Amino acid sequence: MATAAATSASEAEAEPKAGPTAEGEEDEVKAARTRRKVLSRAVAAATYKAMGPGWDQQEEGVSESDGDEEYAMASSAESSPGEYEWEYDEEEEKNQLEIERLEEQLSINVYDYNCHVDLIRLLRLEGELTKVRMARQKMSEIFPLTEELWLEWLHDEISMALDGLDREHVYDLFEKAVKDYICPNIWLEYGQYSVGGIGQKGGLEKVRSVFERALSSVGLHMTKGLAIWEAYREFESAIVEAARPIAGFLSPFDREQTFDSQLEKVHSLFRRQLAIPLFDMEATFAEYEEWSEDPIPESVIQNYNKALQQLEKYKPYEEALLQAEAPRLAEYQAYIDFEMKIGDPARVQLIFERALVENCLVPDLWIRYSQYLDRQLKVKDLVLSVHNRAVRNCPWTVALWSRYLLAMERHGVDHQVISATFEKALSAGFIQATDYVEIWQAYLDYLRRRVDFKQDSSKELEELRSAFARALEYLKQEVEERFNESGDPSCMIMQNWARIEARLCNNMQKARELWDSIMTKGNAKYANMWLEYYNLERAHGDTQHCRKALHRAVQCTSDYPEHVCEVLLTMERTEGTLEDWDIAVQKTETRLARVNEQRIKVAEKEAALAQQEEEKAEQRKRARAEKKALKKKKKTRGADKRKAEEDDEKEWGDDEEEQPSKRRKVEDSTPSAGEAQDREPEAGLLGKSVPVDVDPPSKQKERAAALKRDVPKVPHDSSKDSITVFVSNLPYSMSEPDVQLRPLFEACGEVAEIRPIFSNRGDFRGYCYVEFKEEKSALQALELDRKNVEGRPMFVSPCVDKSKNPDFKVFRYSTALEKHKLFVSGLPFSCTKEELEEICKAHGTVKDIRLVTNRAGKPKGLAYVEYESESQASQAVLKMDGMTVKENVIKVAISNPPQRKVPEKPEARRAPGGALVPRQIYGARGKGRTQLSLLPRALQRPGAPAAQAENGPAPRPAVTTSAATEAPKMSNADFAKLLLRK
């Protein structure tokens, strides 16, 4: 019957399962089949050997060590490294040098996880068995190992196990492995390996104990728990098969004690499994029906149907996990919320463990899990184990260490162990100075709770005082040297020490000394610090010291002096003498008068600064008006000059040709090929060719201006700014921008109009306006900012009139400190977003990655990486800073951009005489350093300095008849007349 059941189970596995499938399912089915075959043969060999000599092992072809040999073959098929043969000694030498480098790096920083992994890999490759074992041991003491690392280590140790002592060593490794994370595969390997020792004393109980613990740990796992149940059931079925041939020779009593009881164990496993919601439950039920000789009890069928109903409730969450990509934190969080509503502690614990396998570097998840265990289960071994694993996974999170200390105190752990844990926390490498203050406070609170203050002196009290002194020294030396701050500006540790000395030890003298020290650390200017000290004196000191403290507070407080003065007067009104009252009134009036004077001075200073700003604004306004007037005057002069030139040309005649001294390139002024042939150059008077029909420069300028006026301007209604976005940095090569951009923006909402901007020649200028029908569409379109369009990042910003809002700036990213975001520099230009994400996601959940590019879309070697939490970002900084990426050493830091220096607005310059000289007198860009005088020095004539006008340009000098006076400027027509007169 059991053989038929085994056959049906194999057939059921070959068929498609009802539950979700994954890649490599056929390989898993083959591996499961191999494991069951190995289990059956190993158990059969051990069972027949124990039951009598009638069975010949050699005849059956099974030896005592077949179980171990076949298990070793099955378990090492995937991971055994094989024999490596090196052809070159250079490669071996290279590996040795790399091993030495890694060992030296670990001696400097023992918390380098990747360095540990690389060292183990190289040592294993070189066959250094002793060294690789030591390296693995060191790494396992610092970090929890992943399932892959544990299985590799276990397979290596299994292959080297020779005797019973080695087997015990492997058992110890399995015990360590199952404690790091919940790993069904490791439990399965553990059960299979323990079957190999079934022939030893207590071997059968050992196997059953391992499988029962495996079921308690992962038996409820809906997708992977089935393998544990099947392996355990096959083990018990193999024992039944081994005992079946001799069952007929046993007495009814012996048969009931052995064979029937063993059958009941298999029945029990089937019933237990069918009462739990697991995938592929239907196949298990069918297998039980075929295996069992008796009808299935009604209670079992009811439990089975109930489990099927529960399975339907769990399926959406399991399918969400299968469809999502690792680490699936959001899906696990939803699953955890669902399980906590149901309230089954075993299932809640299982889903937390499953989530932590993929999110072991998320401190918030560890905090939530440990908090649940502290408040609900309260099982000492389980709670402390989870806290210990939490700080090993996230040693940089101070909250986990504080909770660990509280849990150990709550469960009565020895004082030496708690102190040792605290010392480990100090060496964990926190990322903020305040973290060290928090862990010291947690430890000092623990030490304070150990003290019996009814005794005048005790060992615990002295330990507490020495710990306070050590904390202050540690913050002053270790923390300030590293962070340039103590992390405790308000001196909270010293305040707590002073309260303990005053209230619990009745030692006000020590408390006053501590408060004196607190005030000398820059806290004397704060009223709340003085009032805290006053309240302590009021409760545990005397009136004299209270009065003294308040007098000092009146003199030193700068933030709220009125409040301190009021407290002093109130105390003297209720307790003081007339003399005390007079002194208090005199001191408070003097102090408040001085404070008022200071405030008046500050107010005057601020008013003066405000007036200066107003004057500067007025000066800038006048300068802009002068620039506009100067431009207008220049335009008037230019028009008069063009009119004079036109009059000269009319006097010169229409039949004479004009020879310009210099041709200027004007848009659309180049003649066509036909016109060029018609207009052959005529020979001039001096034998030179003279171009025909070329307009003078004045007409060329007029034609260009007219052409510019003819270009239709793009109208924009400022009242529609709320439904319009401004799009810039587009490729100039876009032939039809409105047609090409419309599909992109229509995804945000209905587009009313796209208005591209063109130059005078009709070329696209790279920006446009996109007008929508609704405001929400425009807001959604802003999310397209920095989207790649034909190789360039497209800039999308709100449509704002900068003439009305000159200070408006659009920058979608924060410029302040962001502890959950990293700034990465030194990246190779060829590094893609996907490659960087692959590197970063090993240290936490990556929410966003932004590669910084220039306006042309070319990378600048910089990037911003946003993690889900601050702790993940901090861990990534520790791991990635100094990493080599494509032969480039990158730098990684918490994102904290420096403050931008706002450039001063251009103002009118002041001449030596004090007059304002507009900047436009030198052109649009001012006077450049390449703006040189091209007049030869031999022809330069010293001129008298022109008088400066109070406003506008300098006045022209009076015209004189002197020979030294400069000749008036001549036009091209004048030069032509002079040439023809010769």
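Along each chain, numbering runs from 1 in the same order as the chain's sequence is written. Where totals are concerned, whole chains, interfaces and linings use all residues; where local detail is concerned, this predicted model gives features only for residues with pLDDT of at least 70, and gives and counts side-chain atom pairs only at 80 or more. Only hydrogens and water are removed before side-chain values are computed, so all heavy atoms of the structure are retained for them.

A. A look at the overall build of the protein. Secondary structure elements follow DSSP: runs of H or I of four or more residues count as helices, runs of E of two or more count as strands, with numbering from the N terminus. Scanning the protein for helices and strands turns up 36 helices and 15 strands. Counting all 982 residues of the protein, 39% fall into the buried class. Surface accessibility of the protein: about 58700 Å² in total, with carbon and sulfur atoms responsible for 50%. Accessible area is worked out with a 1.4 Å probe on protein chains only. A residue is then buried under 20% of its type maximum, exposed over 50%, and partly exposed in between. Throughout, the Shrake-Rupley method with a 1.4 Å probe supplies accessible areas, and for residues the shown protein chains are the sole cover considered.

B. A look at the packing of aromatic side chains. For Phe, Tyr and Trp, where Trp contributes only its six-membered ring, two rings pair if their centres lie within 6.5 Å, and the inter-plane angle classes them as stacked under 30 degrees, edge-to-face over 60, or tilted in between. Evaluation of the coordinates by the stated rule reveals 33 aromatic pairs. Measuring from centroid to centroid gives 5.9 Å for Trp440 and Tyr474, while their planes differ by 55°, and the two rings are tilted. With Trp440 in helix H22 (residues 433-450) and Tyr474 in helix H23 (residues 459-483), this pair connects stretches of sequence that are 34 residues apart. What makes Tyr474 buried here is its relative accessible area of 17%. Aromatic rings pair up to connect Phe422, Phe430, Tyr436, Trp440, Tyr443, Tyr446, Tyr474 and Phe483 into one cluster. In this scheme, Lys NZ or Arg CZ marks a charge over a ring once it lies within 6 Å of the ring centre and within 35 degrees of the ring normal. Positioned above the aromatic ring of Tyr314, the side-chain terminus of Arg347 is 4.4 Å from the ring centre.

C. Structural detail: unusual backbone geometry. The step from Ala326 to Pro327 runs through a cis peptide bond, and the omega angle for that step is 10°. Mapped onto the fold, Pro327 is located in the loop between helix H15 (298-323) and helix H16 (329-342). Phi is positive for Cys491, close to 55°, though the residue is something other than glycine. Its location among the elements puts Cys491 in the loop between H23 and helix H24 (492-504). Accessibility expressed as a relative area gives 4% for Cys491, which makes it buried. Phi is positive for Asn729, close to 60°, though the residue is something other than glycine. In this structure, Asn729 sits in the loop between strand S3 (724-728) and helix H32 (737-746).

D. Structural detail: the sheet that holds S3. One open sheet holds the five strands; their spatial order is S4-S5-S3-S7-S6, and the pairing between them is antiparallel. Where the open sheet ends on each side, the last strands, each with one partner, are strand S4 (751-758) and strand S6 (787-789). Across this sheet, the average inter-strand angle for adjacent strands is 30°, counted without regard to direction. We call two residues contacting when some pair of their heavy atoms lies within 4.5 Å. Interaxial angle, 0 to 180 degrees, is taken between N-to-C directions of lines fitted to C-alpha atoms, where a helix line uses only the stretch in contact. Where H32 meets the sheet, it contacts S3, S4, strand S5 (764-772), S6 and strand S7 (792-798), and its direction lies at approximately 140° from that of S4. The rule for pairing is simple: two strands pair if DSSP sees at least two bridges between them.

E. Looking closely at H23. Every helix has an expected span of 1.5 Å times one less than the residues it contains. The end-to-end C-alpha distance of H23 is 34 Å, a good match for the 36 Å that 25 residues give at a rise of 1.5 Å each. At Tyr474, H23 shows its largest bend, some 30°. Those residues of H23 that fall on the buried side of the exposure criterion are Leu461, Leu464, Ala467, Phe468, Ala471, Tyr474, Leu475, Val479 and Phe483. Positioned one or two residues after H23, Asn484 has a phi angle of 60°, which is positive. Bend, in this description, refers to the angle at a residue between axes fitted to the seven residues ending there and the seven starting there.

F. Quick peek at helix H7 (residues 129-142). In this model, H7 (14 residues) spans 20 Å end to end at C-alpha, consistent with the 20 Å of a helix rising 1.5 Å per residue. Those residues of H7 that sit buried are Val132, Ala135, Arg136, Met139, Ser140 and Ile142. Taken down its axis, H7 places every buried residue within 160° of arc, on the same side. Exposed side chains of H7 directed beyond 90 degrees from the buried face belong to Thr130, Lys138 and Glu141. Those residues of H7 hidden inside the fold are in contact with helix H6 (113-126), helix H8 (147-160) and helix H19 (380-393). Regarding the arc, it is the one traced by the directions from the helix axis to the C-beta atoms.

G. Main features of a negative patch on the surface. On the surface, Glu478, Glu480, Glu481 and Glu485 cluster together to form a negatively charged patch. As for its placement among the helices and strands, Glu480 is situated in helix H23. Taking the relative accessible area as the measure of exposure, Glu480 reaches 35% and is therefore partly exposed. In this analysis, a patch consists of residues with relative accessible area above 30% that form no salt bridge, clustered at 9 Å for like charges and at 5 Å for the nonpolar side chains Val, Leu, Ile, Met, Phe, Trp and Tyr. The term salt bridge refers to a pairing of a side-chain nitrogen on Lys or Arg with a carboxyl oxygen on Asp or Glu at a separation within 4 Å. Charge assignment in this entry is limited to Lys and Arg as positive and Asp and Glu as negative, and neither His nor the chain termini are counted. Charge coordinates come from a single atom per side chain, which is NZ of Lys, CZ of Arg, CG of Asp or CD of Glu.

H. Quick peek at the pairing of S5. Burial analysis of S5 places seven of its nine residues in the buried class, the great majority of the element. Note: S3 against S5, four bridges, orientation antiparallel. Bridged to Val727 within S5 is Cys768. Following S4, the chain reverses through five residues before pairing antiparallel with S5; Gly762 in that reversal takes a positive phi of roughly 90°.

I. Focus on the side chain of Thr724. Residue placement: Thr724 occurs in strand S3. Judged by its relative accessible area of 2%, Thr724 is buried. Within the local environment of Thr724, its side chain forms a polar contact with the backbone oxygen of Lys720, the two atoms lying 2.6 Å apart. Counted as a polar contact is a pair of N or O atoms within 3.5 Å, where, for protein atoms, one must be capable of donating a hydrogen and the other of accepting one, and residues adjacent in sequence contribute only when both atoms are in side chains.

J. Expanded view of the pairing of S4. In terms of strand pairing, S4 meets S5 through six bridges, oriented antiparallel. Considered in S5, the bridge of Phe758 is made with Phe764.

K. Seen up close, the pattern of salt bridges. Taken as a whole and judged by the stated rule, the model has 42 salt bridges. Arg465 is paired through a salt bridge with Glu462; the nearest N and O atoms lie 3.6 Å apart. In this pair, Arg465 and Glu462 both sit in helix H23, three residues apart, roughly one turn of the helix. Put simply, Asp516 and Arg552 hold a salt bridge, and the shortest N to O gap is 3.4 Å. On the criterion of sequence distance, the pair formed by Asp516 in helix H25 (residues 508-523) and Arg552 in helix H27 (residues 543-556) is long-range, its members being 36 residues apart. Judged by relative accessible area, Asp516 falls into the partly exposed class, the value being 35%. A relative accessible area of 33% places Arg552 in the partly exposed class.

L. Region of interest: the sheet that holds strand S9 (residues 846-853). Strand order in the open sheet formed by four strands is S9-S10-S8-S13, and the pairing between neighbours is antiparallel. The outermost strands of the open sheet, each flanked by one partner alone, are S9 and strand S13 (891-895). Each adjacent strand pair in this sheet contributes to an overall mean axis angle of 25°, direction not counted. In the sheet, strand S8 (residues 818-825) pairs with strand S10 (residues 859-867) via five bridges, with the strands oriented antiparallel. Looking at S10, one finds that Leu822 is bridged to Val865. Running over the sheet, helix H34 (residues 833-840) touches S9 and S10 and is turned about 135° from S9. Its contacts with the sheet place helix H35 (residues 870-880) against S8, S10 and S13, and it is angled at close to 25° to S8.

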